[in-house]
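Observations on chain architecture
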Amino acid sequence: MRKIIFIILVLAVLISGGLYAFARKAPDLVRNSLQRSINKTVRIDAVEYRFPWTFELRGFQILETQEPFVGEPCFVVDKVLLDMSPLSLSRSRFILDSVEVSGASVIVRKRGGKLMHAFSKSMRSSPTQGEASPEALKAPSQALPLIIHRFHLSKSSFKFMDYDVQDTGFVMELDQIEAVVSNISFPPTSSKTNYKIDSRLLQGRQQRAAQLNIEGWTQIADYETDAQIRATELLLPYFRPYYAQVTPADIDDGRLSSRAALRIHDRIFTGDIDLELAGLYFKGYEEGGELFGLKADQILPFLKDSAGRLQFHIVLQWDLNDHGLEKRTVIRRAIEQSLKKTLLGNVGGILEKTLQKFTNPDGGLSKDDLDDTLKKVKKLFR
């Protein structure tokens, strides 16, 4: 019995000593592993180890390393909880079973057609030394693969700054984000990354926020995607830098709600989209008073329903390998075709109702009423 007790005490001392040594080295292990995995400047004010595999990172920042935004933040949060897998000790991969983030600020920038974000450089299998941060240059040259089994983002904000549509950077900001993303790998693999995101989209001062919900999966390595997006109450004037890519018409007021099924298969993108516009009012139309090739003043009364809403459906499709494709032309053509189809359907319904009333002695309509309707229809298609 004494020998057994002695052995247990020795094992306890050895385990305690091993844990103490690991606890001392663990913060540097986490820092270096994160640095090598994302290949960007990482700043951490403090790392606290919690038995057995949990780490609390305080004052956590990821800074951009690409021109012209070097040193600007792309991910900032006061506290991050990491549950690290024991397999990370092999030093061949950095595996996180769980990442819990609350109250973070996430920033994504777009310039010259390129997206810059916290993981943008880790999506490359072999980042070039000229683009690496000073801290990354001190680490081993080979990037450390990063695997995150579950990433939970709550009570956070997201800014998308687009310098391609506006020189000063057009900002779309989401807040109150609740997101769960599972099975993340960098460099990307052929496995599916699943996501579910709920948030509000801010649209300027004294304007109610829109709602944005995204759910689906993507294989980041080859872009295979199946996702559903729902947006409600998007304020159209706020998004003029985007809709102006498709039409020069000037929208003074109006809100857009949309449901979209987005798929990418064999690098063919397909968007199946339902659109509903309410309270639509124009300051000015396209040249000649037209909208998408149709006389605006004449078609709008026929396109709107009894509640004043304009509803139509479009299908977009293009090959992601076709880098010379004008996507705005594809979108404009799809809207134009959909409006004409919607118009024909609505006019047909109006004619049917008119004829029914005309043939009904109690309808109160004269032949002049029918002639007037037919004249309006003819004008639409001149």
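Between side chains of opposite charge, a pair can form when the charged atoms approach closely. Here the structure, examined in full by the defined rule, presents 19 salt bridges. The salt bridge involving R255 is made with E233; its shortest N-O contact spans 3.9 Å. Residue R255 is located in strand β12 (residues 250-265), and its partner E233 is located in strand β11 (residues 224-235); the two are separated by 22 residues in the primary sequence. One salt bridge connects R328 with E326, and the closest N-O pair in it is separated by 3.6 Å.

A few words on the nonpolar core. Core analysis: the biggest nonpolar cluster contains 78 residues, and L57, F60, F75 and V101 have the highest contact counts within it. If one sorts the elements of this core by residue count, strand β8 (residues 170-186) sits on top with seven residues. If we skip the residues at most four places from it in the chain, L57 touches V30, L34, I44, A46, V47, D78, K79, V80 and L82. In this structure, I107, M116, M161 and Y163 belong to the second largest nonpolar core, which totals five residues.

In the structure shown here, the tally under the stated rule is ten aromatic pairs. Pairing Y49 with F55 gives two aromatic rings, centres 5.4 Å apart and planes at 50 degrees, and the pair type is tilted. A residue is classified by how much of its surface remains accessible, and Y49, at 18% relative accessible area, is buried. On the accessibility criterion, F55 (0% relative accessible area) is buried. Consider the rings of F170 and Y242, whose centres lie 5.4 Å apart with planes at 80 degrees: the pair is edge-to-face. Here F170, found in strand β8, pairs with Y242, found in helix α3 (residues 240-243); they are 72 residues apart in sequence, far enough to count as distant. By relative accessible area, which is 6% here, F170 ends up buried.

The next thing to look at is the pairing of β8. In summary, the side chains of a regular strand alternate between the two faces of the sheet. For strand β7 (residues 146-162) and β8, the ladder comprises 14 bridges, and the chain directions are antiparallel. Pairing of S156 across the sheet is with I177, part of β8. Linking β8 to strand β9 (residues 193-202), which pair antiparallel, is a turn of six residues.

Our focus in this paragraph is the side chain of T225. Considering the arrangement of structural elements, one finds T225 in strand β11. For T225, the side chain forms a polar contact with the main-chain oxygen of Y223, separated by 2.8 Å. Ignoring anything within four residues of it in the chain, the contact list for T225 reads Y195, W217, T218, L262, R263 and I264.

Here S191 is to be found in the loop between β8 and β9. Take S191: its relative accessible area is 27%, and that puts it in the partly exposed class. When the C-alpha atoms of S191 and E224 are compared, they prove to be 9.9 Å apart, with 33 residues separating the residues in sequence. Filtering out sequence-adjacent residues up to four positions away, S191 remains in contact with N183, S185, T218 and Q219. Within polar-contact distance, the side chain of S191 engages the side chain of T189 at 2.8 Å.

Of note, the bond from E67 into P68 is cis; its omega dihedral lies within 30 degrees of zero at 0 degrees. Mapped onto the secondary structure, P68 falls in the loop between β2 (54-63) and β3 (73-84). Here the phi dihedral of Q176 falls at roughly 50 degrees; this positive angle occurs in a residue that is not glycine. Here Q176 lies in strand β8.

This next bit is on the environment of K159. You can see K159 is positioned in strand β7. Through-space distance from the C-alpha of K159 to that of V106 is 6.3 Å; in sequence the pair is 53 residues apart. Those residues in contact with K159, other than ones at most four positions away along the chain, are V106, I107, V108, V171, M172 and E173.

Below, the discussion takes up the confidence of the model for the chain. Model confidence for the chain is summarised by a mean pLDDT of 82, while 77% of its residues fall at 70 or above. In the model, residues 12-22 has pLDDT below 50 throughout and makes nine contacts with residues more than four positions away in sequence or in other chains. This model gives residues 125-141 a pLDDT under 50, and the stretch forms 21 contacts once residues within four places in sequence are excluded.

Below, the discussion takes up helix α4 (residues 296-303). All of the buried residues in α4 are A296, I299, L300, F302 and L303. Viewed along the axis of α4, the buried residues span an arc of 170 degrees, placing them on a single side of the element. Turned more than 90 degrees away from the buried face of α4, the exposed residues are D297 and P301.

About the cut-offs
Residues numbered from 1 in each chain as written. Predicted model: local features only at pLDDT ≥ 70, side-chain atom pairs only at ≥ 80, totals over all residues. Heavy atoms only, no water. Salt bridge = Lys/Arg side-chain N within 4 Å of Asp/Glu carboxyl O. Helix = DSSP H or I, 4+ residues; strand = E, 2+ residues; numbered from the N terminus. Core = buried A, V, L, I, M, F, W, Y, C linked by side-chain atoms within 4.5 Å. Buried < 20%, exposed > 50% of the residue type's maximum accessible area, 1.4 Å probe, protein only. Contact = heavy atoms within 4.5 Å. Phe/Tyr/Trp six-rings, centres within 6.5 Å; stacked < 30°, edge-to-face > 60°. Pairing = 2+ DSSP bridges. Polar contact = N/O pair within 3.5 Å; in protein donor to acceptor, adjacent residues only side chain to side chain. pLDDT = per-residue confidence, 0-100. Arc of directions from axis to C-beta.

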